[in-house]
Amino acid sequence: MTLRRTAGGVRARTARLLHGRGWAVGPTVTGAVASGLSAATGLVIAREIGAAAFGHFTVVLTIATILTVGMLMSLNYVMYQELPRAEPADRPALVTTALLASLGLGTALTAAGLLAAAPLTALLGVDVRTLCFSLALAAAMTANQLTESLLRGLKRYARTAVLKLAVAVAYLGGSSYCLLVLGIRDAAFYLVALIATTAAFAVAAVPGLEIAPRTWSAALARSLYRHGAYVTVLAAFTSLVFGVDVIFLNHWAGQADVGVYSVYNGFPKRLFGVLFTDGIGLVLLPALATMDKTAVLRRIGRITPLVAAGTALLSFAAGAVFFLLLREQYPYALGLMALSAAGMGVHMVFNLYSAALLMDGVRGAKVLIACLAAGTPVALACQAALTAWQGLTGALTAFALSNLVLVALVAATAARTYRRADPAAGAPRPRETAP
């Protein structure tokens with residue numbers, strides 16, 4: 001009877017969260033399938049080209065992800081907010097200004113990267129060819145993420161999902177044919193394919209946008225960049241903390257270990273990214289936006305052990321499947337998989353805290369920025385020291401420790417900040433019931 005009442009309560013809460021959002025289920029499921037196919041493509045490529053070549057592929061993707069933060073400057077985040085609440089007559093100016101501003105900044109940063117190739121390659125520990133691939137992929141990712149945000153901001157969800165699925169199917173089908181039929185094993189070939197398909201989404205999205213070149217406004221561009229400043233700072237910190245580990249490993253261990261690390265760490269992280277963004281986020285993020293943040297943070301603190309343990313178990317099981325599908329170049333070790341699973345568990349807790357704080361606007365963003373500013377140097381020092389000492393094992397250990405440091409900082413700082421801001425903090429609280 002108790003289980004039945006609990007299940008009924010869960011169904012009722014889910015129904016309340018989905019009320020008025022039924023339109024999102026189809027596009028969300030389609031988008032999640034597209035993301036899953038993209039992840040499957042990475043697994044196929046990793047299996048067929050080998051650990052060393054896939055390590056090069058991973059290094060390029062990691063550097064491109066970091067560069068995208070500077071090229072995009074969170075304009076996609078701003079468009080998610082500004083377009084839905086703008087008057088229809090104002091939307092062409094927003095779309096046009098965002099596109100042209102992003103195009104100009106991306107071109108300038110690409111040119112600057114090529115001009116500064118010598119110091120950049122020395123700093124990153126890569127050759128010029130790798131840097132060029134990274135810059136090209138970053139430009140494609142910038143265009144992809146911005147145009148997707150524009151489509152979603154204009155509420156063209158079905159078009160967005162269909163385009164994502166079409167591109168994912170093309171990438172998986174084309175890569176599988178080239179790998180399994182033509183026998184192409186060069187990582188550069190699949191980097192070009194990734195750049196092309198990533199850019200193809202942006203090109204296909206443009207006809208569905210409201211572009212009017214005469215509505216471009218420099219003042220509006222400055223306003224949009226100011227709006228996204230907090231998120232840009234957060235993106236810069238997180239891309240460093242969760243991206244430089246690959247660069248460290250490439251420097252101290254080599255590309256083969258980077259390829260193996262990507263299977264232990266990269267694939268589970270992408271899997272949970274899809275689950276969190278396209279799955280749980282469907283009902284969680286809209287709900288967080290309207291809930292009392294002090295109560296939310298208390299609840300997150302209480303469920304932290306359950307979230308970490310559940311994520312770790314799922315990651316451990318998923319990792320076993322990944323390695324079953326791969327070849328002997330990717331050695332499976334229970335100890336390494338346990339380290340990876342532990343890191344994923346703490347990482348999911350960090351993501352949960354981050355989502356709750358970001359849904360609180362400027363106050364939450366400031367808390368996150370302060371914690372990342374304090375924790376990033378510690379995390380990077382930990383990653384550098386452990387990776388230089390223990391290679392692959394050290395990198396996996398450092399990932400778990402980095403997340404643990406950040407979770408401890410965020411939990412402590414958020415508790416202090418929101419308790420101080422809560423007028424009833426000093427008063428006795430009634431026993432809370434489930435929402």
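What counts as what
- Residues numbered from 1 in each chain as written.
- Predicted model: local features only at pLDDT ≥ 70, side-chain atom pairs only at ≥ 80, totals over all residues.
- Heavy atoms only, no water.
- pLDDT = per-residue confidence, 0-100.
- Helix = DSSP H or I, 4+ residues; strand = E, 2+ residues; numbered from the N terminus.
- Contact = heavy atoms within 4.5 Å.
- Salt bridge = Lys/Arg side-chain N within 4 Å of Asp/Glu carboxyl O.
- Buried < 20%, exposed > 50% of the residue type's maximum accessible area, 1.4 Å probe, protein only.
- Axes fitted to C-alpha atoms, helices over the stretch in contact; angles between N-to-C directions.
- Left-handed = near helix turned anticlockwise from the far one by under 90°.
- Nonpolar A, V, L, I, M, F, W, Y, C, P; charged D, E, K, R; others polar.
- Core = buried A, V, L, I, M, F, W, Y, C linked by side-chain atoms within 4.5 Å.
- Patch = residues over 30% accessible without salt bridge, like charges linked within 9 Å, V, L, I, M, F, W, Y side chains within 5 Å.
- Areas by Shrake-Rupley, 256 points an atom, 1.4 Å probe, with all protein chains shown as cover.

### Remarks on the confidence of the model for the protein
Then, number 1: When pLDDT is averaged along the protein, the result is 84; 86% of the residues meet or exceed 70.
Then, number 2: When pLDDT is averaged over each helix and strand of the protein, the minimum, 50, is found for helix α1 (residues 2-18) and the maximum, 95, for helix α9 (residues 187-205).
Then, number 3: Across residues 425-435 the pLDDT falls below 50, and counting only partners more than four positions away or on other chains, this stretch makes 14 contacts in the model.

### Concerning the pattern of salt bridges
Then, number 1: All chains considered together, the criterion is met by five salt bridges.
Then, number 2: As a salt-bridge pair, R47 and E48 come within 2.6 Å of each other at their nearest N and O atoms.
Then, number 3: Exposure remark for R47: the relative accessible area of 30% places this residue in the partly exposed category.
Then, number 4: Taking relative accessible area as the criterion, E48 reaches 7% and is therefore assigned buried.
Then, number 5: The salt bridge partner of R152 is E148, with a shortest N-O separation of 3.0 Å. Of this pair, R152 and E148 both sit in helix α7 (residues 128-153), separated by four residues, roughly a single helical turn.
Then, number 6: Classification of E148 by relative accessible area gives buried; the value is 12%.
Then, number 7: Linked through salt bridges whose partners overlap, the residues forming this network are R47, E48 and R185.

### Let's talk about the packing of helix α3 (residues 51-72) against α9
Then, number 1: Across the interface, α3 lies against α9 with an axial gap of 9 Å and an inter-helix angle of 35 degrees. Crossing geometry of α3 relative to α9 is assigned as right-handed. Of α9, the residues touching α3 (which contributes A53, H56, F57, V60 and L61) are A187, Y190, L191 and L194.
Then, number 2: Its residues assigned to classes, the contact of α3 with α9 comprises eight nonpolar, one polar and no charged.

### Quick look at the environment of N250
Then, number 1: Here N250 lies in helix α12 (residues 244-252).
Then, number 2: Taking the relative accessible area as the measure of exposure, N250 reaches 13% and is therefore buried.
Then, number 3: Considering only alpha carbons, one finds N250 and G391, 141 residues apart in sequence, at a separation of 9.4 Å.
Then, number 4: Once residues lying within four places of it in the same chain are set aside, the contact partners of N250 are V59, G125, V126, Q255 and V258.

### Overview of the nonpolar core
Then, number 1: F54, Y261, Y264, Y330, L357 and L392 are the most contacted members of the largest nonpolar core, which has 81 residues in total.
Then, number 2: Setting aside residues no more than four positions away along its own chain, Y330 makes contact with A46, R47, G50, A51, F54, G259, V260, V263 and F323.

### Here's the deal with a nonpolar patch on the surface
Then, number 1: On the surface, a nonpolar cluster with roughly 430 Å² of combined accessible area is contributed by Y177, L180, V181 and L182.
Then, number 2: Along the chain, L182 falls in the loop between α8 (157-180) and α9.
Then, number 3: Look at L182 and you get partly exposed, because its relative accessible area is 48%.

### Describing the side chain of H56
Then, number 1: Positionally, H56 belongs in helix α3.
Then, number 2: On the basis of relative accessible area, H56 is assigned to the buried category, the value being 11%.
Then, number 3: The contacts of H56, once residues within four sequence positions are left out, are T130, A187, L191 and Q255.

### Observations concerning α12
Then, number 1: Of all nine residues making up α12, seven are buried, and the element is well covered by its neighbours.
Then, number 2: All of the buried residues along α12 are V244, D245, V246, I247, F248, L249 and N250.
Then, number 3: G254, located one to two residues past α12, shows a positive phi value of around 120 degrees.

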